[in-house]
Amino acid sequence: MDAGTVAPSERESLPHEAAGTVCPACGATSRQAAVEKYGNYKLFGCDACGLQFWEPREMPDARWYEQMYGGRDEKLLPLEPGHKYFLTDPLARRSGELLDIGCGTGNFLAAARDAGYHVTGTELDRNAARFAKERVGLQRIFPLTISEFAKQHADEKFDVVTFFEVLEHQATPVEFLQKVGTVLKPQGTIALSVPNRERWRTGPDVLDYPPNHFLRWNAAALNHFLSAQGFEVLSLREQPAGIAHTAQMINMALRTGMSQTAAGEAQASFRDVIQMTPEQADAVLRTKPTTRKRIMQILGRIKSAACFPLAVAAYPYVRARGYKGTYMYCLARKCD
């Protein structure tokens, strides 16, 4: 996944509550108190456009993504809902030059190639980029940020630029989208997906914290942002909560404490690990699980599986309540 695009903007040294926080999407200033705190980060909401954003925002480098997402580098993952929404979207063009930012190991690009697009991808994780080239046969994969790609390939323009599960990682989303615009042909389209801030949750999403995610979007905030940056939204789809999501929420709600170690110390979650220094994180990620931890992991998987029958029974209620799933997809056209 591609996270870096431009250097973080300078920030005032005054406390944010005193000086006010500036929304990275619309530039409005708010003096509202933080709505959530975690570690050294604070989450603020923008009254003007509806975006929620963390402070401070300083994006990790490529090494960090290789370290945190290295387990995904040796396999072709299934297509995500955002990928499927785009490939079946009747308003999306069905051929042309397509650039996918943060292409991972190339699962979406392979599907887009098979659907008739001429595909190019960028990916900061060099191991994932290597897998996409060597194992998936995608030759035009570049280990570059969108800023670097736009500079090095200034003569290349694309009919479609996609960035699935990328926008939430950006420290400066306006600059990111401006760089995307420089590689788009006139009237070109973008397609993206982001975690839906209004999704049904029964506990914290460990992935949805900085420095992994800096921005939390809902439909109104995303629509406002794209329109303000010169894009016409063609379609926007919020994934409904399905049975798998329902099972996950039931599993999260039925906390048992099984993740506690013999010493009574909680096993570090991804949310904790991403707050660590690279050296600390490396030590945690390389630590082999004890026998007790392996047993707890097995019991955890059994508990998770046992939630599926409960989810099937609860699904009619979930559907009736209109609970939303994780993904939000959007297709938009550049207004030239």
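Look above for the structure.
Residues numbered from 1 in each chain as written. Predicted model: local features only at pLDDT ≥ 70, side-chain atom pairs only at ≥ 80, totals over all residues. Heavy atoms only, no water.

## Focus: the packing of aromatic side chains
And then number 1: Using the criterion set out here, one finds 14 aromatic pairs in the structure.
And then number 2: Within the aromatic cluster, the residues linked to one another by ring pairs are F86, F108, Y117 and F164.
And then number 3: For the cation-ring pair, R271 lies above Y209, with the distance from its terminal atom to the ring centre recorded as 4.8 Å. (Phe/Tyr/Trp six-rings, centres within 6.5 Å; stacked < 30°, edge-to-face > 60°. Lys NZ or Arg CZ within 6 Å of the ring centre and 35° of its normal.)

## Re the sheet that holds strand β10 (residues 184–195)
And then number 1: The seven strands lie next to each other as β8-β7-β6-β9-β10-β13-β12, forming an open sheet whose pairing is mixed. The sheet is open, and its two borders are formed by β8 (141–142) and β12 (231–240), each paired with just one other strand.
And then number 2: As defined by bridge partners, strand β6 (residues 96–101) adjoins strand β9 (residues 158–164) across three bridges and the pair is classed as parallel. Bridge pairing in β9 links L98 to V160.
And then number 3: The strands touched by helix α4 (residues 107–115) within the sheet are β6, β7 (117–122), β8 and β9, with β7 carrying the most contacts at an inclination of about 165°.
And then number 4: Across the sheet, helix α8 (residues 219–228) lies against β10, β12 and β13 (324–334), angled at about 160° from β12, the strand it touches most. (Pairing = 2+ DSSP bridges. Helix = DSSP H or I, 4+ residues; strand = E, 2+ residues; numbered from the N terminus. Contact = heavy atoms within 4.5 Å. Axes fitted to C-alpha atoms, helices over the stretch in contact; angles between N-to-C directions.)

## Some words on the sheet that holds strand β11 (residues 215–216)
And then number 1: The four strands are arranged β3-β4-β5-β11 in an open sheet whose pairing can be described as antiparallel. Of all strands in the sheet, those with a lone pairing partner are β3 (36–38) and β11, marking the two edges.
And then number 2: Judged from the three bridges that link them, β3 and strand β4 (residues 41–45) form a sheet pairing that is antiparallel. Bridge pairing links Y38 to Y41 in β4.

## Comments concerning the pairing of β10
And then number 1: With respect to burial, β10 is a largely interior element, nine of its twelve residues being buried.
And then number 2: One ladder, built from six bridges, connects β9 with β10; its direction is parallel. Bridge assignment links F164 to a residue of β10, and that residue is S193.
And then number 3: Traced from β9 through helix α7 (residues 173–182) to β10, the parallel crossover comes out right-handed. (Buried < 20%, exposed > 50% of the residue type's maximum accessible area, 1.4 Å probe, protein only. Right-handed = clockwise from strand over helix to strand, strands pointing away.)

## Points about the environment of A28
And then number 1: Within the fold, A28 resides in the loop between β1 (21–22) and β2 (29–30).
And then number 2: Each C-alpha atom, one on A28 and one on D47, is 8.2 Å from the other, the two residues being 19 residues apart in sequence.
And then number 3: In this structure A28 touches T21, V22, C23, C46 and A48, once residues within four positions along its chain are discounted.

## Some details on the nonpolar core
And then number 1: Among the nonpolar cores identified, the biggest contains 55 residues, and V161, F163, I190, W217 and L226 are the most heavily contacted of them.
And then number 2: The greatest single-element share of this core, amounting to five residues, is contributed by α8.
And then number 3: When neighbours within four sequence positions are excluded, L226 is seen to be in contact with L177, I190, L192, F231, V233, C330 and A332.
And then number 4: Counting 22 residues, the second largest nonpolar core, distinct from the first, contains A112, V136, I141 and L331. (Core = buried A, V, L, I, M, F, W, Y, C linked by side-chain atoms within 4.5 Å.)

## Overview of the pattern of salt bridges
And then number 1: Inspection of the entire model under this criterion finds 14 salt bridges.
And then number 2: Residue R333 pairs with E232 through a salt bridge whose shortest N-O separation is 2.8 Å. Highlighted residues: R333 in strand β13 and E232 in strand β12, separated in sequence by 101 residues.
And then number 3: The exposure class assigned to E232 is partly exposed, which follows from its relative accessible area of 35%.
And then number 4: Through salt bridges that share partners, E36, R199, D205, D208 and R216 make up one connected network. (Salt bridge = Lys/Arg side-chain N within 4 Å of Asp/Glu carboxyl O.)

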